[in-house]
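# Per-entry structural report
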Amino acid sequence: MKLSIERAALLKAVGQAQSVVERRNTIPILANVLIEAEGEGVSLRATDLDIEVVDRAPARVERPGATTVSAVTLHEIVRKLPDGALVQLSDDGAAGRLTVQAGRSTFHLATLPKEDFPVMASSEYATNFTVPAPVLRRLFDKSKFAISNEETRYYLNGVYMHVARGEGGPVLRCVATDGHRLARIDADLPAGAEAMPGVIVPRKTVGELRKLLEDDEAQIAVSVSETKVRFATPGITLTSKVIDGTFPDYSRVIPTANPRRLEVDAAEFARAVDRVATVSSERSRAVKMKLDEDRLVLSVNAPDTGAAEEELAVAYSDDVLEIGFNAKYLLEIASQVDRENAVFLFNSSGDPTLMREGNDTSAVYVVMPMRV
Amino acid sequence: MPALCRDCLARFDDAPPRGRCPTCRSPRLIAHPELFDLSVAHMDCDAFYASVEKHDRPELADRPVIIGGGRRGVVSTACYIARIRGVRSAMPMFRALALCPEAVVLKPRMDRYAEVSSQVRAMMEALTPAVEPLSLDEAFLDLSGTARLHRAPPAVLLAGLVRRMEAELGISGSIGLSHNKFLAKLASDLDKPRGFSVIGRAETLDFLAPRPVRLIWGVGEAGQEALERAGIRTFADLRRWSPEDLARRFGQMGERLHRLARGEDDRPVRPREMPKSISNETTFHEDTAERDLLEGHLWRLSEKCADRAKAKGLAGRTVTLRLKRADFRLITRRTTLSEPTQIADRIWRIARDLLDQARDPGPFRLIGVGISDLCGADAADRSGDLLDPQAARRAGAERAADAIRARFGPDAIVKGRSLR
């Protein structure tokens, strides 16, 4: 194998590959990236056995071939090369070395045989459809904060992507929850997605997927089977196993008839929550909200460290209500609001509270109150 | 010589004549040249468990009381009336009853003792933050630098402490006052019960010289024998040895012996730190793989764990399951929660999930549950679970059951699953 490639293109491709590679690895080949040169380009493939990413970049291929080298080392080298450099990769096969050359720098990297590299088995995808990148970005960006970290509830360690019935017809929906808060984000159902099986996309996959979605103009090809999901742009293909579990029936935890409505400027609200929470040293900072006739008083009382209070002008006309929340959860959901005011719907101080943006029901958040 | 009346806390620059307090006529005077200069103390309650029982049941006041576990058990504490008859701690119960057949034998009520103990601790902590409890009924106190705050030297504060314990809790204690922990502990034992002993700097060496080295903490029977073989019986014997010879003969212990022989001890009084974890485990009579049985054990262990956490006002953010397989291999599984808990039901459910996750069919010889990454209980179990709406109700039921047990005893209400 022998090829030359621009540093920028190689850096992008190997960057994506090395982020998939598991840092603490007991199987040496899994630390490597598979480099395959053929025709007009080169592809770099990395896997942790659950996720596989293939990145294609244009290159001048002098001699087709394939080999594997440490993804992290190659990434470090390319990163440190000067901008605009032309990088030459060549391997002699026999010596088990890959030579990386750019300008006056030369590196020889140990390789492992390409035959040892575990290529993820291809599977049949029952559902294939295309979504504009901004749509997927919104679906996952607005839901991923609610993904659970508790390994015992492994079926919550991802975003549940499925087809659901929204108010205006079928939608492509992403839901994530950790039991304390829940995010439910809807998008128009793309053509061809109607029969998609619901899948739980693991947290790590969501993180990797994000890198495919930066370009507003990109169209993402999505393929879904019962066990795998694939996201592809012309340059990158991300394939991932999905979490083998049943996502709980979230619909019954979303309150539908909470009577008390609060409307508040989300940014102002978030800043106030952040300020009062400062006095608490606990990891789970509790903020008390006291609502009364167009007035919201946020307060924190931490016996050991101090107390804080801030008043906000809001729209609220129901009975007096006192309710506590984890400050972090409030901040996270408030920061999802970007266009209109945040609307909170309460029932009582012990019941789940719903939050949405204005009257838009395509993104709703539920948060469980906290005793204060 | 400075003196102090332990009953009315009157202070004197010179001990009053005829050994009686001129103010209250009490004979309980304590005089010592260094009385108002010493600040490290050891407080030891007198026959603590028995005193608590006598206070709670005044009809027992004049009767010999033995606290201990059943006919086949041993004496845990004997009141001073029983001690006159020769009953001692750790004596088999049948022998104790042979010496004192009319004794009232009571099963220990540890919860109650812990409750009184924490009241005593609160009284001590009102005097100084440097309180190091050794057990329910004894503690070291360092009162250095508190004289200005309380406008009284440590000796007066300590006399006031035991006076308050007697008045408010009905239990007496003995005080040892000296210049370090080692000597303070020796002192508290000199004049029990209701004692107050002082070992000053000037007399330290003379005080120790004739005493047996077994008084040194950590010198048990074996250590005593080893010392005796070297011809060391008393502190005076010990003092004749050079530190090098002691180190050669007794290793690491040698250096400590050398310093203690001179009454030197620089260990600080350390308030007990928060525990790092709370865990309970049980070894089965027979290895088992039966899920039902394992879950029953898990429940009882989770409950114990939660009880201890609740008693200490703590909660844990991490739940750990420990399993020992029949081949002695240890399996540990843990998970971190988004919110700390002290609820047995939550600990149990998580432990059960961890048991699933272990994917090991057993059989096991041991199972254990623990919580760690501890914090105060006020941050615990505050938010409900969206996906398990019943969790809040179960937690509420558990708190209600706790309240019932606190009032009517530990067996007043139990969960069916604890009988598995």
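Residues numbered from 1 in each chain as written. Chains lettered and ligands numbered in written order. Predicted model: local features only at pLDDT ≥ 70, side-chain atom pairs only at ≥ 80, totals over all residues. Heavy atoms only, no water.

The next subject is the overall build of chain B. Within chain B one finds 15 helices and 15 strands. Burial statistics for chain B: of 420 residues in total, 49% are counted as buried. Sequence-distant contacts in chain B: of pairs separated by 6 or more residues, those separated by 24 or more amount to 63%. In the structure as shown, chain B presents an accessible area of about 20,900 Å², 50% of it carried by carbon and sulfur atoms. (Helix = DSSP H or I, 4+ residues; strand = E, 2+ residues; numbered from the N terminus. Buried < 20%, exposed > 50% of the residue type's maximum accessible area, 1.4 Å probe, protein only. Contact = heavy atoms within 4.5 Å. Areas by Shrake-Rupley, 256 points an atom, 1.4 Å probe, with all protein chains shown as cover.)

We now examine the pattern of salt bridges. As enumerated under the stated definition, the model contains 63 salt bridges over all chains in all. Salt-bridge contacts for Asp245(B) lead to Arg248(B); the nearest nitrogen and oxygen are separated by 2.5 Å. In this pair, Asp245(B) and Arg248(B) are both assigned in helix α11 (residues 243-250), three residues apart and thus about one turn of the helix distant. The partly exposed category is assigned to Asp245(B), whose relative accessible area is 33%. For Arg248(B), a relative accessible area of 63% translates into the label exposed. A single network of salt bridges, built from pairs that share partners, joins Lys142(A), Asp338(A), Arg339(A), Glu357(A) and Asp360(A). (Salt bridge = Lys/Arg side-chain N within 4 Å of Asp/Glu carboxyl O.)

Of all residues in chain B, 99% attain a pLDDT of 70 or more, and the chain-wide mean is 89. Taken together, the chains of this predicted complex give a pTM of 0.68 and an interface ipTM of 0.76. (pLDDT = per-residue confidence, 0-100.)

What follows concerns the sheet that holds strand β3 (residues 29-31) of chain B. All names here are of chain B. Read from one edge to the other, the open sheet built from three strands follows the order β2-β1-β3, with strand pairing classed as antiparallel. Of all the strands in the sheet, the pair left with one neighbour each is β2 (11-12) and β3. Where strand β1 (residues 3-5) and β3 come together, three bridges link them in antiparallel fashion. Counted as the bridge partner of Leu4 is Ile30 from β3. (Pairing = 2+ DSSP bridges.)

Let us now look at the pairing of strand β10 (residues 127-132) of chain A. All names here are of chain A. The alternating pattern of β10 places Thr127, Phe129 and Val131 on a buried face and Asn128, Thr130 and Pro132 on a face that is not buried. Pairing between β10 and strand β15 (residues 219-224): six bridges, direction antiparallel. Note on β15: the bridge partner recorded for Phe129 is Val222.

Before going further, it helps to examine the packing of helix α1 (residues 48-56) of chain B against helix α4 (residues 110-125) of chain B. All names here are of chain B. Orientation of α1 relative to α4, taken along the N-to-C sense of each, is 95 degrees, at an axis distance of 10 Å. Here α4 runs roughly perpendicular to α1, going by the angle between their axes. Across the interface between the two elements, Phe48, Tyr49, Val52, Glu53 and Asp56 of α1 pack against Met110, Arg112, Tyr113, Val116 and Ser117 of α4. In the contact of α1 with α4, the residues fall into six nonpolar, one polar and three charged. (Axes fitted to C-alpha atoms, helices over the stretch in contact; angles between N-to-C directions. Parallel < 35°, antiparallel > 145°, perpendicular 65-115°, else oblique. Nonpolar A, V, L, I, M, F, W, Y, C, P; charged D, E, K, R; others polar.)

Okay, unusual backbone geometry next. In this model, Lys192(B) is joined to Pro193(B) through a cis peptide bond whose omega is -10 degrees. As for its position among the elements, Pro193(B) is in the loop between α7 (181-188) and β11 (196-198). One non-glycine residue with positive phi stands out, namely Leu49(A), at about 80 degrees. If you trace the backbone, Leu49(A) turns up in the loop between β3 (41-47) and β4 (51-58). Here Leu49(A) falls in the partly exposed class, since its relative accessible area comes to 40%. One non-glycine residue, Leu9(B), lies in the positive phi region at around 60 degrees. Mapped onto the fold, Leu9(B) is located in the loop between β1 and β2.

Residues and elements named next belong to chain B. Strand order in the open sheet formed by five strands is β8-β9-β4-β10-β11, and the pairing between neighbours is mixed. Each edge of the sheet is formed by a strand with only one pairing partner; in this case those strands are β8 (131-135) and β11. Pairwise comparison of adjacent strand axes, ignoring direction, gives a mean angle of 15 degrees for this sheet. Here β8 pairs with strand β9 (residues 138-142) via four bridges, running antiparallel. Residue Ser135 lies in a different strand from β9, and its bridge partner there is Glu138. Sitting on the sheet, α4 touches β4 (40-45), β8 and β9, and the angle it makes with β8 is about 155 degrees.

Here the focus is the interface of chain B and chain A. The interface of chain B with chain A comprises 23 residues on the first partner and 25 residues on the second. For the pair chain B and chain A, the interface holds one salt bridge. Of the charged contacts in the structure, one is a salt bridge between Asp385(B) and Arg153(A), with a shortest N-O distance of 2.2 Å. Viewed at the interface, chain A and chain B are joined by 10 residue pairs in polar contact (both at pLDDT 80 or more). (Polar contact = N/O pair within 3.5 Å; in protein donor to acceptor, adjacent residues only side chain to side chain.)

Another point: the packing of aromatic side chains. In this structure the tally under the stated criterion is 13 aromatic pairs over all chains. Arranged with centres 6.0 Å apart and planes meeting at 10 degrees, the rings of Phe344(A) and Phe346(A) form a pair that is stacked. Like Phe344(A), the residue Phe346(A) is buried in the burial classification. One aromatic cluster is present, formed by Tyr160(A), Phe247(A) and Tyr250(A) through successive ring pairs. Sitting over the ring of Tyr80(B), Arg83(B) keeps its end group 4.5 Å from the ring centre. Geometry around Trp348(B) places Arg352(B) over its ring, the cationic atom sitting 4.3 Å from the centre. (Phe/Tyr/Trp six-rings, centres within 6.5 Å; stacked < 30°, edge-to-face > 60°. Lys NZ or Arg CZ within 6 Å of the ring centre and 35° of its normal.)

All names here are of chain B. Position of Asn180 among the secondary structure elements: in the loop between β10 (173-178) and α7. A polar side-chain atom of Asn180 sits 2.8 Å from the main-chain carbonyl oxygen of Gly263. Setting aside anything within four residues of it in sequence, one finds Asn180 in contact with Val40, Gly263, Glu264 and Asp265.

Turning our attention to the environment of Leu134(B). All names here are of chain B. Mapping Leu134 onto the fold places it in strand β8. Separated by 91 residues in sequence, Leu134 and Met43 place their C-alpha atoms 9.9 Å apart. In contact with Leu134, other than residues within four places in its own chain, are His42, Ala139, Phe140 and Lys185.

Residue and element names in this part refer to chain A. Among all positions in helix α2 (residues 71-80), only Ala71, Leu74, His75, Ile77 and Val78 are buried. Considered in projection along α2, the buried side chains sweep an arc of 165 degrees and stay on one side of the axis. Structurally, α2 contributes buried residues whose contacts are with α1 (7-20), β2 (32-38), β3, β6 (65-70), β8 (97-102) and β9 (105-112). (Arc of directions from axis to C-beta.)

A separate point is the environment of His162(A). Residue and element names in this part refer to chain A. Within the secondary structure, His162 sits in strand β11 (residues 158-166). In contact with His162, other than residues within four places in its own chain, are Val171, Leu172, Arg173, Val175, Met196, Gly198 and Tyr250. A distance of 2.8 Å separates the side chain of His162 from the side chain of Tyr250, its partner in a polar contact.

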